[in-house]
Amino acid sequence: MFFGRHLGVTRRFLPFLLLCLFARPVWAQDLTIVTEEFPPYNYLENGEIKGLSSDVVKAVLGQAGLNARFQFLPWARAYLTAQNRKNTLIFSIGRIPEREELFEWIGVIAPYNTSLYKLANRTDITVKELDDAKGYTIGVSVEDLIYQYLKSKKFTNLEVVGQDVLNIRKLALGRLDLIAFDEASFQHRLVLEEMDPAQFEQVYRLEDISGSLYMALNKDSDPELIKALKQGLETIKETGIYGQILTSYRLLY
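Anyway, here's the lowdown on the structure attached to this text.

Procedures and definitions
- Here the residue index of a chain counts from 1 through its sequence in written order.
- Whole-chain, interface and lining totals are the exception, using all residues; otherwise, since this is a predicted model, local features are given only for residues with pLDDT of at least 70 and side-chain atom pairs are given and counted only at 80 or more.
- The side-chain numbers reported here are obtained from all heavy atoms of the structure, hydrogens and water having been left aside.
- Numbering goes from the N terminus for both helices and strands, where a helix is a DSSP run of H or I of at least four residues and a strand is a run of E of at least two.
- Type-normalised accessible area, obtained with a 1.4 Å probe on protein chains alone, sets the label of each residue: buried when under 20%, exposed when over 50%, and partly exposed for intermediate values.
- What makes two residues a contact is simply this: any of their non-hydrogen atoms within 4.5 Å.
- The Shrake-Rupley method, run with a 1.4 Å probe sphere, supplies the accessible areas, and residue values consider only the shown protein chains as cover.
- Aromatic pairing here means that ring centres of Phe, Tyr or Trp (its six-membered ring) are within 6.5 Å. Orientation follows from the plane angle: under 30 degrees is stacked, over 60 is edge-to-face, and everything else is tilted.
- A ring is scored as having a charge over it whenever the NZ atom of a lysine or the CZ atom of an arginine sits within 6 Å of its centre and within 35 degrees of its normal.
- Should DSSP find at least two bridges between two strands, the strands are taken to pair.

For the rest of this paragraph, the subject is the overall build of the protein chain. Along its length, the protein chain carries 8 helices and 12 strands. For the protein chain, the proportion of its 253 residues judged to be buried stands at 53%. Of the contacts made within the protein chain by residues no fewer than 6 positions apart, 73% connect residues no fewer than 24 positions apart. When the accessible area of the protein chain is evaluated, it comes to approximately 12200 Å², of which 49% is carbon and sulfur surface.

Inspection of every chain in the model, using the stated rule, returns 9 aromatic pairs. Plain terms: the ring middles of Tyr79 and Phe103 are 5.8 Å apart, the flat faces sit at 55 degrees to each other, and that makes the pair tilted. Of this pair, Tyr79 sits in helix 3 (residues 75-84) while Phe103 is found in strand 6 (residues 103-112), placing the two residues 24 residues apart along the sequence. The pair formed by Tyr79 and Phe103 is uniform in burial state, with each residue classed as buried. Geometrically, the ring pair formed by Phe181 and Phe186 is edge-to-face, given 5.7 Å between the ring centres and 65 degrees between the ring planes. Phe181 gets classed as buried once you look at its relative accessible area, which sits at 3%. Under the relative-accessibility criterion, Phe186 is labelled buried at 2%. Members of the aromatic cluster, connected to one another through ring pairs, are Trp75, Tyr79, Phe103, Trp105 and Tyr214. Geometry around Tyr242 places Lys237 over its ring, the cationic atom sitting 4.9 Å from the centre.

All right, on to the pairing of strand 1 (residues 31-35) then. Burial analysis of strand 1 places 5 of its 5 residues in the buried class, the great majority of the element. Side chains of strand 1 alternate between two faces, with Leu31, Ile33 and Thr35 and Thr32 and Val34 buried alike. Note that strand 1 and strand 4 (residues 68-72) share 5 bridges and pair parallel. What sits directly across from Thr32, in strand 4, is Arg69.

Don't take any of this as a statement about function, it's just geometry.
Here you go:
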């Protein structure tokens, strides 16, 4: 697997720790960060914030000299909170036209690819182009990127759940024809659910929404906070910290 949890903590986080030591706080007010359980990008493990995107966000905070409270929420709640509360950051979020004017986009924090999956033994299901999938029931998660994208493409066959892992379980039980899922997260979830990957088959990549995940800020946030976050992200990319984090998770990008 490629999730990087077997690498030494010291080696992985030494650059980030050094940044924290020398960064000076520039923001006195509270910054709130909202996200969801979305392994391997962002998740809690024994009370510790982990994941590729989480590591990038923490490195940005360290570089910018910012303190923040992390809140793990259901995606729909996190999404609405970030839209309605000043100085609130959300990650990992996909950037699509429907969302463009809702946030101040700080920048790319992780690679991302998403696909449609079926049970491997369902030889009756064929998807060669996106419209082919309109003939099957598709499991999606409420208000997430995939749901919003398929809805914008006039899909009416969507079955919505509050937690994306429920779609994997429903697919395994034959209660759905297809599910739309992030590829890295799908493999990670199969391990956690103790399911055989051979039971499933990737049938179609959703190229329009594949590419990158972002961190984004409430549009009414303080301009100095926006500037500090953007500069922090730019700096960790220029200094190689961002690349080291990606490499430590061995994600293809």
